[in-house]
Amino acid sequence: MADGAKGKALGSVLARVPKATFRAHIADGLRAAILNGDIEPGAQLVETALADQFGVSRGPLREAMRQLIDEGLLVAVPYTGTHVVGLSVDDVREIYSMRVTLEIFAFEQIWARRDQAFRQGLVARRDALTACIDAEDDAASIVAELQLHGFVYEATGHKLLIRTWDSIRGRLQLYWAAHHRAHGIRGPRRDGHDRYVEMALSDDFDALKSEITDHMARGGRQTEDFLRGREARAVQGS
């Protein structure tokens, strides 16, 4: 199907759904294009081109873009427009160091309140991640991994903490997607979160803190190594 025909077909489908769902469809399409690498990190988004591609007006497109700004996938740069966030080693170090502090703090808030519902919910999210890995669905596995780690934040009910977690989710998605794509990986290791869940449900808070620190350090090192390799290849190709 030609690009124009695809845009019209997509637009006709979107036009029949409620406004909130309409915006969500556009956001889902943009998010997928970014995470699949169709729109590169650091790229500027041109509203007219995107509106034509999706077969929509610029109003709902802007709403969808604002949603992705809130998710941390896009950034609005004064006088230059909206861009996909870039990838840098410094960003990775900041995000992963902050994740350690945030996640330990989240467990401190919920530790004495972990009930059966918490245990069942955490295990259910781990199982959902495993199912995505088994299906070799990389995009779904990234979302499922974020949902697994996000569970403890949600359980705290701590609004500022949840907003802070939400602000870094998008960048984590972008880093993981780029890393997986570069290395042909379909999601994290199948057993990569077993010990995390085991310690989260244990009675040993110090062991959980050690696991969170080690777990984040492993992820941070892998992502840093990927970015350094990416930067070296870019230099060689220039």
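Quick look at the structure, then.

Quick notes on the rules
- Residues numbered from 1 in each chain as written.
- Predicted model: local features only at pLDDT ≥ 70, side-chain atom pairs only at ≥ 80, totals over all residues.
- Heavy atoms only, no water.
- Helix = DSSP H or I, 4+ residues; strand = E, 2+ residues; numbered from the N terminus.
- Rg over C-alpha atoms; globule rule 2.2 N^0.38 Å.
- Buried < 20%, exposed > 50% of the residue type's maximum accessible area, 1.4 Å probe, protein only.
- Areas by Shrake-Rupley, 256 points an atom, 1.4 Å probe, with all protein chains shown as cover.
- Lys, Arg positive; Asp, Glu negative; His and termini not counted.
- Charge placed at Lys NZ, Arg CZ, Asp CG, Glu CD.
- 1 Å grid on protein atoms, 1.4 Å probe; cavity = no way out; pocket = protein on both sides within 12 Å on 5 of 7 lines; lining within 4 Å.
- Points joined across faces, edges and corners; volume = space filled by probe spheres on them.
- Nonpolar A, V, L, I, M, F, W, Y, C, P; charged D, E, K, R; others polar.
- Pairing = 2+ DSSP bridges.

### Section: the overall build of the protein chain
Thought 1: Each helix and strand counted, the protein chain has ten helices and two strands in total.
Thought 2: When its helices and strands are written in sequence order, the protein chain yields α-α-α-α-β-β-α-α-α-α-α-α.
Thought 3: For the protein chain, whose C-alpha radius of gyration is 19 Å, the value lies close to the compact-globule estimate of 18 Å for 238 residues.
Thought 4: When the backbone C-alpha atoms are referred to their principal axes, the protein chain occupies close to 60 × 50 × 35 Å.
Thought 5: Taken across its 238 residues, the protein chain has 44% of its residues classed as buried.
Thought 6: Working note: accessible area of the protein chain is about 12400 Å², and carbon and sulfur atoms make up 51% of it.
Thought 7: Within the protein chain, the 34 negative side-chain charges are centred at a point lying 4 Å from the centre of the 31 positive side-chain charges.

### A word on empty space enclosed by the protein
Thought 1: The full count for this structure, using the stated rule, is one cavity of 30 Å³ or more.
Thought 2: What the largest cavity holds in volume is close to 30 Å³.
Thought 3: Around the largest cavity, the lining residues are Arg126, Leu129, Thr130, Ile133, Arg189, Arg190, Gly192, His193 and Asp194.
Thought 4: When residues in the lining of the largest cavity are grouped by element, the largest group, four residues, is from helix α6 (residues 116-134).

### Here's the deal with the layout of surface pockets
Thought 1: A volume near 480 Å³ is recorded for the largest pocket.
Thought 2: Around the largest pocket sit 22 residues that line it, and Glu145, Pro188, Arg189, Gly219 and Gln222 are the ones nearest its centre.
Thought 3: At the level of elements, α5 (89-110), α7 (138-156), α8 (159-183) and α10 (205-237) are the ones that each hand at least two residues to the lining of the largest pocket.
Thought 4: With seven residues, α10 is the largest single contributor of residues to the lining of the largest pocket.
Thought 5: Looking at the lining of the largest pocket residue by residue, the class counts come to five nonpolar, ten polar and seven charged.

### Comments concerning the pairing of strand β2 (residues 81-84)
Thought 1: For strand β1 (residues 74-77) and β2, the ladder comprises four bridges, and the chain directions are antiparallel. Among the inter-strand pairings, Val77 is bridged to a residue of β2, identified as Gly81.
Thought 2: Linking two consecutive strands that pair antiparallel, namely β1 and β2, is a turn of three residues; a positive phi of about 70° is found at Tyr79 within it.

### Some points on the environment of Phe151
Thought 1: One can find Phe151 in helix α7.
Thought 2: By relative accessible area, which is 12% here, Phe151 ends up buried.
Thought 3: Residues Phe151 and Gln109 lie 42 residues apart in sequence; the distance between their C-alpha atoms is 13 Å.

On their own, these measurements won't tell you what the molecule is for.
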